[in-house]
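Architecture and fold: a report
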Amino acid sequence: AGNEYGVAEGQSDWIAFLIFLKVLAALSMAASVFILRDIYIKRRHKQKISLTSTCVLTLSVGDFFSTFFVQFMSTWDTDIVRW
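A brief look at the structure comes next. (Residues numbered from 1 in each chain as written. Predicted model: local features only at pLDDT ≥ 70, side-chain atom pairs only at ≥ 80, totals over all residues. Heavy atoms only, no water.)

In this structure the tally under the stated criterion is two aromatic pairs. Note on Phe64 and Phe65: the rings are 5.5 Å apart at their centroids and 90 degrees apart in plane angle, and the pair reads as edge-to-face. Looking at Phe65, the relative accessible area reads 45%, which means it is partly exposed. Taking 5.0 Å as the distance between ring centres and 80 degrees as the angle between the ring planes, the aromatic pair formed by Phe68 and Phe69 counts as edge-to-face. Of the residues examined, Phe68 reaches a relative accessible area of 25% and is grouped as partly exposed. (Phe/Tyr/Trp six-rings, centres within 6.5 Å; stacked < 30°, edge-to-face > 60°. Buried < 20%, exposed > 50% of the residue type's maximum accessible area, 1.4 Å probe, protein only.)

With that settled, the discussion passes to a nonpolar patch on the surface. A cluster of nonpolar residues, Phe17, Ile19, Phe20, Val23, Leu24 and Leu27, forms a patch on the protein surface that exposes about 580 Å² of accessible area. Counting through the fold element by element, Phe20 comes out in helix H1 (residues 11–44). On the accessibility criterion, Phe20 (47% relative accessible area) is partly exposed. (Patch = residues over 30% accessible without salt bridge, like charges linked within 9 Å, V, L, I, M, F, W, Y side chains within 5 Å. Areas by Shrake-Rupley, 256 points an atom, 1.4 Å probe, with all protein chains shown as cover. Salt bridge = Lys/Arg side-chain N within 4 Å of Asp/Glu carboxyl O. Helix = DSSP H or I, 4+ residues; strand = E, 2+ residues; numbered from the N terminus.)

Distances and angles like these do not, on their own, reveal function.
Here's what the structure looks like:
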């Protein structure tokens, strides 16, 4: 039993959850890019970068890559069958 798209009942919830994860990952990556851009602009205008900004920069880079590889890429090729 399934719908017109070939998705069995109950699997549409799983697909919606995976799409939700991708949206959250995209938002997190966008926020990290904005932080990186802000610090890059400060650096380009030769403004002093505070220790707090340096820590936030490090966290943003880590968040960007962890979000990309853990949340975004890990759900890309997910089998629809629930275990």
